[in-house]
Amino acid sequence: MTPGEAGAARDIFHPGGRSGDQEVVPAAVDISQPPSAFETAADRIFRRCTLAVAWFTVLLVFWLVFSIGRQAIPSIRTYGLGFLSGTEWDSNRAHFGILPAIVGTLYSSILGLAIGTVFGLAIAIFLSEGFLSSGLDSALGALRLSQYSWLSSLPNRIENVLKITVELLAAIPSVVYGLWGIFVVIPFIRPPADWLHSHLGWIPIFGTNLSGPGLLPASLVLAIMVLPTISAISRDALVAVPPKLREAAFGIGATRWEAILGIFVPTAATGIFGAIILGFGRALGETMALAMLAGNANVISWSLFSPANTLAALLANHFPEADRIEIGALMYVALVLLAITLVVNVIGTLILQRADAGLKGLR
Amino acid sequence: MAATRTGSPANTEIDLESLQRSLRRPRTLFSYVMSLLTGGATIAALFPLFSVLYMLVVRGSAALSLSTLRELPPAAMAAGGGFGNAIVGTFVVVAIATLLSVPCGILAAIYITEFGPETRTASAVRFAAKVLTGLPSILAGVFAFAVVVAMTGKFSAPAGGVALALLMLPTVLLTAEEAIKRVPMKMREAAIGMGATPTQVVTKVIVPTGAPAMLTGVMLAVARAAGETAPLLFTALFSNFWISRTAPQFLPKTMNDLMKPTASLAVLIYNFSGSPFENQIALAWTAALVLVVIVLVFNVIGQTLAGRSSD
């Protein structure tokens, strides 16, 4: 652009043109210019690149399934579906069955999930329904301290600290939980477990002695590990309950818990259910805590104190020292685990999407 | 209601007693008990965390010294020793994973937010990322074993890196997507108005603006990867020696240095936790303390960046 043209442009926008504008406007005209041929080509290449990477991400999932599946094919041919119902894992005789591991995976996950859900939901409700502020308000009222304004920000601060603490629980590596489980949880639950076994041993779930590692310590640690997932997603679901439902519930005179159990939890139910399913997916695939605490024994038992095995723990315990034949069988195990967790996670994700869509009508 | 309306004025007076909250009424009592239970459950759920932290500090600091951080793992019953090679190994494996997953995650995020937000590719990528989020970490190890270890014939740091990269990718991708979405539309429009190509809009406006939030995702992914054990068990395996034979021993200098089993803190904790020897168990606790500190540092850096970018 020539200076003359720039001057003309200025005159269009500022017919009465002040002379002070003369430095600014030509500069602005120089900045905006059509892209050069090189820039257009670079743009096209960069866009293709991002598209390729995007597709690579999708293909990665297929590659994952394919590479595990391909290596599992020989043992699928050899063992067939009997692999799923066999109860023995003997690498010397090349005799493989994973029924105890499947049962152990489901048992420990469901037990861990049940405990984790109770506490996770309690935390979600506690953090989303203003218990702290109302509790502190009444405490401050009783102590006649309510005139201090810095105290009124205290509930929010405590809620934040609690939220960060729960996030911390999620950040601690699972191998550290496993270590803690071995040296803290097992010694801690052994006396009550022994008491239950000797007094109530006729009930199947207390049927064996806790000799160290076992299903209960593994499930307890599992519960701690799924708790952050459940509490975080359920809290989001509870916070997303529309305020007008809240106000309406209290307006018709519901007590706090009538409102929570009758209105808020049912409204957020889909979200909470999605959270539980995702927590279940996490529990099914959790490896280290179970490899360290479940005892690695191919036993099917109702007893909470019996040692057990899970699919992931089986992989962790046998893979490092496996020979070619056993690796084939372990690939089959990996494929089964992949199938179970994929199904559970896809269901959980779909439920959460529906929860989001369902609440849109209420807002 | 009808009775009160037709009754004498004295009857319309509200029974104030009935509006008082009293624990003698079952509804209020139920509410009160449930509140107490919920508060109790919340406090009970925090116990494990404090117990873990307490044990880490008490048992972990017992064997902690400068030499533990610099020496090689000891034999059973031998005095002293440390896990210097495991600290280095953890950083090497996580660095490889970061180099693989971050460019991939951010480029894919750029595509699904900027270049093809409503396309089928975008929804496929989002779905794939969500599937990968729920992938059990041990299966990432099985994948790396099938692809890298089976191909190269060696347990190695890159094999561990591939496994961890697979776990980091969805976190990096999904947080980068959120970060890019939060860049104000008017900044894009201003750049386009100046004649910038879409690529220039991305590289000169969106990436610099969204960088802190993207870095948050990277930091959280690194924190998660550093603590992962299962994917490393049969990819990077473990080693009782330094990465390199020549000084400085902690730096990999040739491809051969990388293509061999590599120690990591997480696997060291796992191996030593089952040890019957007191000195190895003590080292497992110390290694756990060091690992948790590393993980928390990355977490805190991530959270700080997140706080700053939201301001």
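No experiment lies behind these values; they were computed from the predicted model shown.

Colleague: How should the overall build of chain A be read in this particular structure?
Modeller: Along its length, chain A carries 16 helices and 2 strands. Across the 363 residues in chain A, those meeting the buried criterion constitute 46%. The long-range fraction of contacts in chain A, counting pairs at least 24 apart against all pairs at least 6 apart in sequence, stands at 73%. Summed over all atoms, the accessible surface of chain A reaches about 17600 Å², with 67% contributed by carbon and sulfur.

Colleague: Can you walk me through the pattern of salt bridges in this structure?
Modeller: Close approach of charged atoms allows side chains of opposite charge to pair. In total, this model carries 10 salt bridges over all chains according to the counting rule given. One salt bridge connects A:Asp90 with A:Arg93, and the closest N-O pair in it is separated by 3.2 Å. B:Glu228 is the partner of B:Arg224 in a salt bridge, and the nearest nitrogen-oxygen pair spans 3.4 Å. B:Arg224 gets classed as partly exposed once you look at its relative accessible area, which sits at 35%. In this structure B:Glu228 comes out as buried when scored by relative accessible area, which is 10%. Residues participating in the shared-partner salt-bridge network are A:Glu88, A:Asp90 and A:Arg93.

Colleague: Sorry if this is basic, but what is going on with the side chain of A:Ser231 here?
Modeller: Residues and elements named next belong to chain A. Considering the arrangement of structural elements, one finds serine 231 in helix H10 (residues 215-239). Serine 231 sits in the buried class, given a relative accessible area of 5%. Among all residues touching serine 231, those that are not within four sequence positions of it are Gly120, Ile123, Ala124 and Val166.

Colleague: Honestly, the interface of chain A and chain B in this entry has me stumped. Any pointers?
Modeller: Many analyses report the size of an interface as the accessible area lost when the parts associate. The interface is formed by 76 residues belonging to chain A together with 76 residues belonging to chain B. Counting the surface lost from both chain A and chain B, the interface buries some 6700 Å², and carbon and sulfur atoms represent 81% of this. In this structure, B:Arg27 and A:Glu258 form a salt bridge, with 2.8 Å as the shortest nitrogen-oxygen distance. Where chain A packs against chain B, one counts 9 residue pairs in polar contact (both at pLDDT 80 or more). Ranked by the residues each element gives to the side of chain A that touches chain B, the list is headed by helix H3 (residues 37-79) of chain A, at 20 residues. Partitioning the side of chain A that touches chain B into residue classes produces 54 nonpolar, 16 polar and 6 charged.

Colleague: For this particular structure, what's the right way to read the state of the cysteines?
Modeller: Two cysteines whose sulfur atoms are joined by a covalent bond form what is called a disulfide. Under the counting rule described, the total for this entry stands at 0 disulfides over all chains. The thiol sulfur of A:Cys49 is not disulfide-bonded, and the nearest other cysteine sulfur, from B:Cys104, lies at 11 Å. Classification of A:Cys49 as partly exposed rests on a relative accessible area of 40%.

Colleague: I'm lost on the confidence of the model for chain B in this one. Help?
Modeller: Low pLDDT means the predicted atomic positions in that stretch should not be read closely. Residues and elements named next belong to chain B. In the predicted model, chain B carries a mean pLDDT of 88, and the fraction of residues at 70 or more is 93%. In the predicted structure, residues 1-8 sits below a pLDDT of 50 and forms 2 contacts with residues beyond four places in sequence or in another chain. The ipTM for the predicted assembly is 0.88, set against a pTM of 0.87.

Colleague: Would you take a moment to explain the environment of A:Ser303 for this structure?
Modeller: Residue and element names in this part refer to chain A. Following the sequence through the fold, serine 303 ends up in the loop between helix H14 (288-293) and helix H15 (311-318). For serine 303, a relative accessible area of 2% translates into the label buried. Spatially, the C-alpha atom of serine 303 lies 5.8 Å from that of proline 204, the residues being 99 residues apart in sequence. Not counting residues within four places of it along the chain, the set of residues in contact with serine 303 comprises Tyr107, Pro204, Ile205, Phe206, Gly207, Thr208 and Leu215. At a separation of 2.7 Å, a polar atom in the side chain of serine 303 contacts the side chain of threonine 208. Within polar-contact distance, the side chain of serine 303 engages the backbone nitrogen of phenylalanine 305 at 3.1 Å.

Colleague: Would you mind showing me how to read the nonpolar core here?
Modeller: General note: in soluble globular proteins, nonpolar side chains tend to be found buried as a group. A:Ile98 and A:Leu315 are the most contacted members of the largest nonpolar core, which totals 197 residues. In terms of residue count, the dominant contributor to this core is helix H6 (residues 84-115) of chain B (17 residues). Setting aside residues no more than four positions away along its own chain, A:Leu315 makes contact with A:Pro320, A:Leu330, A:Val333, A:Ala334, A:Leu337, B:Ile138, B:Leu139, B:Val142 and B:Phe234.

Colleague: Explain a nonpolar patch on the surface here, please?
Modeller: Residue and element names in this part refer to chain B. Where nonpolar side chains cluster on the molecular surface, the patch consists of Leu23, Leu29, Tyr32, Val33, Leu36 and Leu37 and spans about 570 Å² of accessible area. Take leucine 37: it is sitting in helix H4 (residues 26-60). With a relative accessible area of 53%, leucine 37 lands in the exposed category.

Conventions we followed
Residues numbered from 1 in each chain as written. Chains lettered and ligands numbered in written order. Predicted model: local features only at pLDDT ≥ 70, side-chain atom pairs only at ≥ 80, totals over all residues. Heavy atoms only, no water. Helix = DSSP H or I, 4+ residues; strand = E, 2+ residues; numbered from the N terminus. Buried < 20%, exposed > 50% of the residue type's maximum accessible area, 1.4 Å probe, protein only. Contact = heavy atoms within 4.5 Å. Areas by Shrake-Rupley, 256 points an atom, 1.4 Å probe, with all protein chains shown as cover. Salt bridge = Lys/Arg side-chain N within 4 Å of Asp/Glu carboxyl O. Buried area = accessible area lost by both parts, 1.4 Å probe. Polar contact = N/O pair within 3.5 Å; in protein donor to acceptor, adjacent residues only side chain to side chain. Nonpolar A, V, L, I, M, F, W, Y, C, P; charged D, E, K, R; others polar. Disulfide = S-S within 2.5 Å. pLDDT = per-residue confidence, 0-100. Core = buried A, V, L, I, M, F, W, Y, C linked by side-chain atoms within 4.5 Å. Patch = residues over 30% accessible without salt bridge, like charges linked within 9 Å, V, L, I, M, F, W, Y side chains within 5 Å.

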